[in-house]
Amino acid sequence: MKALVLSGGSGTRLRPFSYSMPKQLIPIANKPVLQHVLENISDLGVTEIGIIVGDRLPQISAVLGDGSALGVKITYIPQEKPLGLAHCVSLARPFLGNDDFVMYLGDNMLTGGVQRIAEEFAAARPAAQIVVQKVADPTAFGVAELDSEGRVERLVEKPKEPRSDLALAGVYFFTPAIHAAVDAIVPSPRGELEITDAIQWLVTEGADVRASEYDGYWKDTGRVEDVLDCNRTLLDDLKPHTAGEVDETSTLVGPVVVEEGARVVRSRIVGPAVIAAGTVVTDSYIGPYTSIGKDCVLSDTHIEQSIVLDGATVSEVRGLHNSLIGRSAAVVPAEHDTVHHRLVVGDHTRVEVAA
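**Q** Break down the pairing of strand E10 (residues 152-157) for me, citing the residues and quoting the values.
**A** Taken together, the five bridges between strand E9 (residues 142-146) and E10 define a ladder with antiparallel strand orientation. By the bridge assignment, Val143 is partnered in E10 with Val156. Here E9 folds back onto E10 in antiparallel fashion, the turn holding five residues, of which Gly150 has a positive phi close to 85 degrees.

**Q** Describe in detail the packing of aromatic side chains, supporting the description with residues and values.
**A** Using the criterion set out here, one finds four aromatic pairs in the structure. Arranged with centres 5.7 Å apart and planes meeting at 50 degrees, the rings of Phe141 and Trp218 form a pair that is tilted. On the criterion of sequence distance, the pair formed by Phe141 in the loop between strand E8 (128-134) and E9 and Trp218 in strand E13 (residues 218-220) is long-range, its members being 77 residues apart. According to the relative accessible area criterion, Phe141 is partly exposed, its value standing at 27%. When the centroid spacing of 5.9 Å and the interplanar angle of 10 degrees are considered together, the rings of Tyr172 and Phe174 count as stacked. Comparing Tyr172 with Phe174 shows no difference in burial state: the two are buried. In textbook terms, an aromatic cluster arises when at least three aromatic residues are bridged by ring pairs, as seen for Phe101, Tyr172 and Phe174.

**Q** How would you sum up the nonpolar core? Please name residues and give values.
**A** Val5, Leu38 and Phe173 are the most contacted members of the largest nonpolar core, which totals 44 residues. Each residue touching Phe173, except ones within four places of it in the same chain, is listed here: Met1, Leu44, Phe101, Val102, Val114, Ile117, Ala118, Phe121, Ala127, Ala128, Gln129 and Val131. Of all hydrophobic cores here, the second largest spans 36 residues; its members include Leu96, Leu105, Ile185 and Val203.

**Q** Could you give me a rundown of the packing of helix H7 (residues 177-184) against helix H8 (residues 195-204), with the residues and numbers involved?
**A** The contact between H7 and H8 brings their axes to 8 Å, and the two run at 110 degrees. Relative to H8, the element H7 lies roughly perpendicular. Relative to H8, the crossing made by H7 is right-handed. Note on element contacts: H8 touches H7 through Ile195, Ala198, Ile199, Trp201 and Leu202, opposite Ala177, Ile178, Ala180, Ala181, Val182 and Ala184. When grouped by side-chain class, the residues that make up the contact of H7 with H8 number 11 nonpolar, no polar and no charged.

Procedures and definitions
Residues numbered from 1 in each chain as written. Predicted model: local features only at pLDDT ≥ 70, side-chain atom pairs only at ≥ 80, totals over all residues. Heavy atoms only, no water. Pairing = 2+ DSSP bridges. Helix = DSSP H or I, 4+ residues; strand = E, 2+ residues; numbered from the N terminus. Phe/Tyr/Trp six-rings, centres within 6.5 Å; stacked < 30°, edge-to-face > 60°. Buried < 20%, exposed > 50% of the residue type's maximum accessible area, 1.4 Å probe, protein only. Core = buried A, V, L, I, M, F, W, Y, C linked by side-chain atoms within 4.5 Å. Contact = heavy atoms within 4.5 Å. Axes fitted to C-alpha atoms, helices over the stretch in contact; angles between N-to-C directions. Parallel < 35°, antiparallel > 145°, perpendicular 65-115°, else oblique. Left-handed = near helix turned anticlockwise from the far one by under 90°. Nonpolar A, V, L, I, M, F, W, Y, C, P; charged D, E, K, R; others polar.

Dropping the structure here:
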């Protein structure tokens, strides 16, 4: 089996961050979303991975390289325009050949992995097997309608009157039968080749199409709120480890990771929290569910339930929470008295807030 990871989207909901970096590289628990995805795929024993990329290939390849650091082999597959998920399958045909494959949306987090579902697919080998999860509001998702034996009868995109609460979770297992389906469909009204149309074609043609329900944590990391929620979930499993320098006047409470090369001076850190290499925390309080990236400087600052990306500076600002601070951004005290508690600060941006 091979894998196809889709990483070509523009990430409009994650602006301003997606202006300067692919949304799939946003770090969660100090690790890019794409790395989490590739690790999940590697756990299936799949080592040959094709990644569909748009105009952000240099940034993505700079982080992931050839995949050897993760124990996989990456083939980058360019896509000039986002013309649909089925179009991605068509572009990847030379890479996929006649192998079965798992297709994984590169901005989706399924923290428990899909090992069980992969085993179900390998055992029964239907033409397609989709991963679904029950949701409260099916009108916001692609929805699968199943028969009594769990076979897919119909797929409906964002139904106004849902007949099912099973949403497509962004992971699909396919045999080569999907290629005939992709060749048979036409672009949707929005001008894209939809993977749901291709799967529906298989259903209509009488192919065996099944669904497996995923019961773990699933999140599409397309919005700042989702990124922060996912960060909290992953940090819940954090194991304490101190490799950096923590002076005798500082206190670490609960699961806290201080990486080698980081320094904590006259500060209190309450976990779960991660302080990455090269970061200096001075006279500050770092609260639970906070990830601080590499080479950051935090001084006289209170922050919690937040993500601070590499190279950022936060000084003399209190009460920050549920914030996402971009790479090399600066958050500094303001002369006026306006108070901000929740910030979304893009890369290389300077923001003044009340201390």
